[in-house]
There are 2 protein chains.
Amino acid sequence: MNPAELQAEQEFLQSYDPNKYERPIGVTADIVIFTITSEVLSGSTKCLPKRSLSVLLIKRNGHPEKGKWALPGGFSSADETLLETAQRELYEETGVDNIYLELLKLYDTPGRDKRGWILSAAHVALVNEQYLANRKAADDADDVQLFTIEEVAKLDLAFDHRQIITDAVTYIQKLMLQTTIAREFLPSKFTLAELLQVIQTVVPSYQITKTNFIRKMLLTKKQPIVIPAQNEFSTEFSQRPAQLYQFANSYVPHLSIYVDPSPKT
Amino acid sequence: MNPAELQAEQEFLQSYDPNKYERPIGVTADIVIFTITSEVLSGSTKCLPKRSLSVLLIKRNGHPEKGKWALPGGFSSADETLLETAQRELYEETGVDNIYLELLKLYDTPGRDKRGWILSAAHVALVNEQYLANRKAADDADDVQLFTIEEVAKLDLAFDHRQIITDAVTYIQKLMLQTTIAREFLPSKFTLAELLQVIQTVVPSYQITKTNFIRKMLLTKKQPIVIPAQNEFSTEFSQRPAQLYQFANSYVPHLSIYVDPSPKT
DNA sequence: CGAATAGTGTCTCTTAGACATTATGGC
DNA sequence: GCCATAATGTCTAAGAGACACTATTCG
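The shown structure was predicted, so the numbers you read here are calculated from the model rather than taken from an experiment. (Residues numbered from 1 in each chain as written. Chains lettered and ligands numbered in written order. Predicted model: local features only at pLDDT ≥ 70, side-chain atom pairs only at ≥ 80, totals over all residues. Heavy atoms only, no water.)

(A) The protein's contact with DNA strand D, seen in detail. Not every one of the 24 residues close to DNA strand D is listed here, only the nearest: Lys-216 and Arg-240 of chain A together with Arg-215, Arg-240 and Gln-243 of chain B. Sugar and phosphate atoms constitute 60% of the interface atoms of DNA strand D, taking the interface as everything within 4 Å of the protein. The contact in question runs from a phosphate oxygen of DNA strand D to an N or O atom on the side chain of Lys-216 of chain A, over 2.8 Å. Broken down by element, the surface near DNA strand D gets its largest block of residues, five residues, from helix α7 (residues 210-219) of chain A. Of the residues assigned to the surface near DNA strand D, the class counts are eight nonpolar, eight polar and eight charged. (Near = heavy atom within 4 Å. Polar contact = N/O pair within 3.5 Å; in protein donor to acceptor, adjacent residues only side chain to side chain. Helix = DSSP H or I, 4+ residues; strand = E, 2+ residues; numbered from the N terminus. Nonpolar A, V, L, I, M, F, W, Y, C, P; charged D, E, K, R; others polar.)

(B) Molecular detail of the protein's contact with DNA strand C. Taken together, 25 residues sit near DNA strand C, with Arg-215, Arg-240 and Gln-243 of chain A together with Lys-216 and Arg-240 of chain B positioned nearest. Taking Asn-212 of chain B, its side chain carries an N or O atom lying 3.0 Å from a base nitrogen of DNA strand C. Arg-215 of chain B places a polar side-chain atom, nitrogen or oxygen, 3.5 Å from a base nitrogen of DNA strand C. For the surface near DNA strand C, the secondary structure elements donating two or more residues are α7 and β9 (242-247) of chain A together with α7 (210-219) of chain B. Top element by residues in the surface near DNA strand C is α7 of chain B. It accounts for five residues. Residue classes in the surface near DNA strand C are distributed as eight nonpolar, eight polar and nine charged.

(C) Region of interest: the packing of helix α5 (residues 161-178) of chain B against helix α6 (residues 192-202) of chain B. All names here are of chain B. Axis separation between α5 and α6 bottoms out at 9 Å; the angle between their running directions is 150 degrees. As summarised for this structure, α5 and α6 are arranged roughly antiparallel, according to the angle between their axes. The handedness of the crossing between α5 and α6 comes out as left-handed. Two secondary-structure elements touch here, α5 through Ile-172, Gln-173, Met-176 and Leu-177 and α6 through Val-198, Ile-199 and Val-202. (Axes fitted to C-alpha atoms, helices over the stretch in contact; angles between N-to-C directions. Parallel < 35°, antiparallel > 145°, perpendicular 65-115°, else oblique. Left-handed = near helix turned anticlockwise from the far one by under 90°. Contact = heavy atoms within 4.5 Å.)

(D) Highlighting the pairing of strand β6 (residues 118-126) of chain A. Residue and element names in this part refer to chain A. β6 sits mainly inside the fold: nine of its nine residues count as buried. Both faces of β6 are covered, namely the face carrying Ile-118, Ser-120, Ala-122, Val-124 and Leu-126 and the face carrying Leu-119, Ala-121, His-123 and Ala-125. With seven bridges connecting them, strand β5 (residues 100-107) and β6 associate as antiparallel partners. Residue pairing in the sheet places Leu-103 in a bridge with His-123 of β6. (Buried < 20%, exposed > 50% of the residue type's maximum accessible area, 1.4 Å probe, protein only. Pairing = 2+ DSSP bridges.)

Geometric values such as these leave the question of function open.
Take a look at the structure:
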């Protein structure tokens with residue numbers, strides 16, 4: 001840009017009227033915080049816990065939509081991205097940092113907020129139950145609570161948050177089958193039965209025979225998804241010791257409805 | 001909500017200060033309009049055209065970023081969603097309606113627009129070259145132009161539009177392999193060679209032998225992606241007549257890195 | 001030993017992928 | 001007849017899916 005153009009641009013910017021276009025009242029980053037809660041079943045013998053997909057909600061104590069359950073979130077500002085806003089809110093609410101957090105989509109239906117034109121950038125966060133355990137003891141406030149998705153269906157939710165949660169569930173179901181996000185809900189080493197249970201908790205329609213699932217995980221030689229931890233077994237959930245596995249770091253899913261475009265082997 | 005609560009909410013809304021939180025100057029819907037341009041090769045014999053993935057850009061004639069090439073787009077307002085804004089802009093720019101149009105993601109890096117806090121909801125549109133042909137004749141303005149993605153790499157682009165285009169290309173490459181969006185770039189009936197060429201135009205790394213591609217398209221019995229049009233052949237691109245195909249409407253891709261969760265057959 | 005969960009053997013059918021071969025029409 | 005492109009044949013190896021079977025530990 002030559003000096004004349006530069007000056008023209010400077011002048012333009014100095015005389016620019018920020019109210020030239022209609023302005024939103026604000027932009028919020030809202031977060032659907034998913035976790036898988038487990039409930040130990042104390043039966044006659046050892047078995048896997050009962051797991052449920054859950055979402056963290058907050059009871060609104062201010063207007064509007066006072067008293068309703070809502071997604072955690074807050075207003076963003078010019079000096080941070082919406083992802084940063086979401087990170088901040090997530091940390092404030094759960095004390096958790098450095099976890100899976102991603103933009104889902106933007107919610108902007110006119111009239112979604114009675115205060116006026118407020119956009120919501122909905123995010124999805126996946127938190128391991130363990131990380132929430134500490135926090136739970138600290139502030140067991142009854143205005144912050146985990147609900148299973150079955151329970152959420154019965155609640156009175158603020159704004160368009162029911163729609164956001166529905167979309168988020170659909171989204172993580174797809175992620176669960178197409179990526180290795182199951183790792184976010186598992187310890188670093190786990191049994192194949194645990195992995196299958198986590199998948200089925202998020203995607204209940206995923207009904208397959210366990211033996212073939214195990215075989216698939218073991219026999220995929222080109223690109224193994226999980227690899228066995230040498231000589232490490234667990235008897236936490238079963239009588240017979242079960243082999244422990246880890247996710248293979250090298251695994252990069254690439255899915256195609258056409259022929260696989262992978263380079264020749 | 002009981003009458004007292006209702007009144008409390010009314011009072012809250014009437015006294016609500018829209019400047020309570022920092023407000024963006026505006027929100028724009030920008031669109032990456034993709035099309036596949038074809039260039040007929042007039043050689044000794046009939047052959048497929050040369051195809052290139054292209055993007056529609058507009059030369060900015062106002063400040064800021066005056067003179068640079070930019071994505072078409074415009075400011076949204078409180079009474080429409082960003083998708084509607086994008087639809088409107090798309091129609092204004094191309095005269096095209098009812099085509100593939102979807103939100104890509106939100107661009108909100110602080111400082112991305114010198115005017116101040118302006119968010120951009122980037123959209124992706126897929127337009128069949130045919131639809132643009134009429135328009136092109138009408139206004140062959142040199143401030144609106146299609147560029148192949150190779151050409152775009154050399155241009156001076158406004159704002160963060162280079163990043164947006166890069167992200168959009170990555171996104172449609174994934175879509176191309178995982179969904180049937182190839183249909184957006186093809187006529188309703190097409191040969192398998194054309195389909196393969198469209199896929200390879202968008203995903204150049206998709207190098208496979210054509211014969212196996214053809215077989216895969218034909219032998220997938222459970223859920224065929226394309227179905228042959230009975231007794232319809234084309235000699236447009238070849239000496240020997242080639243079978244014409246259509247996309248199967250019943251096809252619903254469901255991809256999984258684990259065992260296929262489809263119900264038993 | 002029985003119960004419960006982990007894991008393997010085996011068989012059938014489908015698909016991926018390489019590569020050779022045949023088919024059709026224009027020039 | 002030659003060439004270009006379309007399409008099929010054939011072979012090997014891998015994977016899916018069903019189902020019977022073996023293995024290990026606890027009580």
